[in-house]
Amino acid sequence: MAAYSSVNNAAKRQKPAPAVREITPARSSGTSFEFQEFLPDVSRSEYRPELDVDQSTNFKYYNASEKVHGRSLEEWIRPAISFYHVINEYHSRGPRARRIFEDSTQNSLDGYKRRIRCVFELGQKLGIKLYTAADSDFAPFGESLEDFHRGLDENINLVLELQQKTGITPLWIKPNFETHLRGSELQEVIHRGAQIKKALEIAQKLGAENFLLDEIETLELFSVTDFSKNFRQHARLLKLTAEFREHVGYRGQLLLLPNYSSQSEIPHQDTAFVSSALAFLKNYNLDRLYKLCVRSGYDFKVSLAYNLFGSLEVTKGRLPPELREATLLMKTLIEHGGFQTGGLNIGLKSNPESDLKDVFVGYITALDVYAKALRVAAKLTVDGIFTNGLQQRYSGFQTNFGARFMNGELSLEDLSEQAKRTTAESPLPHGPNFWAAFYSRNSLNL
C-alpha cells in the first residue's frame, strides 16, 4: 500500500484541494539588530522622493507603506530577494560565486554562513521582508547526500536565527536537483526524492509560504530521452511530495516552475513553457495540488486564465524592466486582486565588474520602477480605460447570435450562413502606438 494514501485517493476522487492556510513565521520582537559586515557604509534605505535617482541608495518612488488602490505598495508588490542572484555573478561560462566569497572557506559551512549573512544584510537594508532560496544556497554539497544534509542541519539554524532577528522570511524554498550525484535513471529519481523530503522539511521549519519544484530536469540528451517515462517519473515525485506535505502538516502552497532552462539538440526551438507545464499538471491530475510560478507577460496571463497562478519570477531578461512592461504586470496583478500566496521574486544578473553595492542599487532601481508602474496601473484601473476597451472588444457576444454561439447552440453551418450576412466592423481605435504614448504620458504625470 502506498504511503500517505489519503492524498492519492483524494486525487483519484478529484475533490478540490483544501485551501492553503496562512503561514505565520516567527518575527523579531525588537528592531535593534543591525548588520554591518558587507555594506558597512550603507544605511537602511528610505523613501526620499526629493533626491536624485542616479546611484542613490534611497527610494525615489517605492514607499512600502503608501496606500495605492486600497493596499500598501509592499502588499501589492511583495518583493523577494533572490539568494542565488545575490551570491553569484555571471561570466561568459555561466554563474559563479562572487569574488568576496572566494577564499579558503568558500566551500565550507563557514563560507556558506557568510553568504547567508550577506543576503540577510541586503534584505534588511533594503527593507525587503521576503527571500527565495534553494537548498544548495544554504550549504555545500560535500562528498555525499548525507554530508549535504548534515551541513543543512547546521546552517539552517543560523537562517532561523537571522529570520527571528530581522523578520525576513522565505517566499519559497526549493531543492536544487543539479547538485545531486549522477547515476542511473532510478538513482537520479531516488536522490531527487531524498532532496525533496529534506527541502520540504526545511521549508516547514523556516515557515516558507511556498514550496517550489522544477517542472522536470533539463533534457540534455534529446535524442535518447523517453519523454513519456520522464514525465511519469516526475509526476510520481510530485504526488509523493503532496502526500508528504500532508503527512508532516506543512501548510505552504506547492508550486511548479515551468522548464525555462530547458535546452534541446533542436536549434531555435520555440518552447511554450507555460503550456507544457499546464498540460503536465492536468494530464497527471496535479492541477488541484500545484500552482505555477511563472514569468510576467504571456505566461502570467495564461496561468491566471486557467486559475493556476501562484507566484512571479522576474529573474530573466531586462532588469530593471521598462515602465510599460512593469505597468502591464501591475495592471494584471490589480485585476487579479493581488498575490494570494506568492510574490515577486527579483533576481539581478550582475557581471564580474559589479560589487554588492551595485546589487543593492539594482534592487532599489527595480523596486522604484515597479512602484511607479503600480501607480500608473492603479490610475488606468480607476479611469476604466482598459475595461472600456475589453467591453467593446467582446460586446458582440452579448448579442443574441453571440450568446447562442457561447451556449453551444450553433454549428459551423450556422456560422457560415451568418458570415454571408455580416459586414466588416471597424477595428478597435486604440492600437500599439496609442498605448505606448499613453503609458509615457501617464508616467510623466507621477
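Residues numbered from 1 in each chain as written. Predicted model: local features only at pLDDT ≥ 70, side-chain atom pairs only at ≥ 80, totals over all residues. Heavy atoms only, no water.

1. With respect to the overall build of the protein chain
The number of helices and strands found in the protein chain is 15 helices and twelve strands. Buried residues in the protein chain amount to 46% of all 446 residues. Of the contacts made within the protein chain by residues no fewer than 6 positions apart, 75% connect residues no fewer than 24 positions apart. Carbon and sulfur atoms form 50% of the exposed surface of the protein chain, whose accessible area is close to 22900 Å². (Helix = DSSP H or I, 4+ residues; strand = E, 2+ residues; numbered from the N terminus. Buried < 20%, exposed > 50% of the residue type's maximum accessible area, 1.4 Å probe, protein only. Contact = heavy atoms within 4.5 Å. Areas by Shrake-Rupley, 256 points an atom, 1.4 Å probe, with all protein chains shown as cover.)

2. Focus on the packing of helix α6 (residues 185-206) against helix α7 (residues 227-248)
Taken N-terminus to C-terminus, the directions of α6 and α7 make an angle of 30 degrees; their axes are 10 Å apart at the nearest point. Our classification of the angle between α6 and α7 gives roughly parallel. The crossing of α6 and α7 is right-handed. Between α6 and α7, the residues in contact are E185, V189, R192, G193, I196, K197, L200, E201 and Q204 and N230, Q233, L237, T241, F244, R245 and V248, respectively. (Axes fitted to C-alpha atoms, helices over the stretch in contact; angles between N-to-C directions. Parallel < 35°, antiparallel > 145°, perpendicular 65-115°, else oblique. Left-handed = near helix turned anticlockwise from the far one by under 90°.)

3. A closer look at the pattern of salt bridges
A complete count under the given rule lists 22 salt bridges for this structure. Between R117 and E37 there is a salt bridge, with its nearest N and O atoms 2.8 Å apart. Residue R117 is located in helix α4 (residues 109-126), and its partner E37 is located in the loop between α1 (5-13) and β1 (67-68); the two are separated by 80 residues in the primary sequence. Given a relative accessible area of 25%, R117 falls into the partly exposed group. Put simply, R48 and E50 hold a salt bridge, and the shortest N to O gap is 2.7 Å. (Salt bridge = Lys/Arg side-chain N within 4 Å of Asp/Glu carboxyl O.)

4. Observations regarding a nonpolar patch on the surface
A grouping of L390, Y394, F397, F405, M406, L412 and L415 is seen on the molecular surface, where their side chains present a nonpolar patch of about 710 Å² in accessible area. Secondary-structure assignment places L390 in helix α12 (residues 385-393). (Patch = residues over 30% accessible without salt bridge, like charges linked within 9 Å, V, L, I, M, F, W, Y side chains within 5 Å.)

Read these as spatial facts, not as claims about activity.
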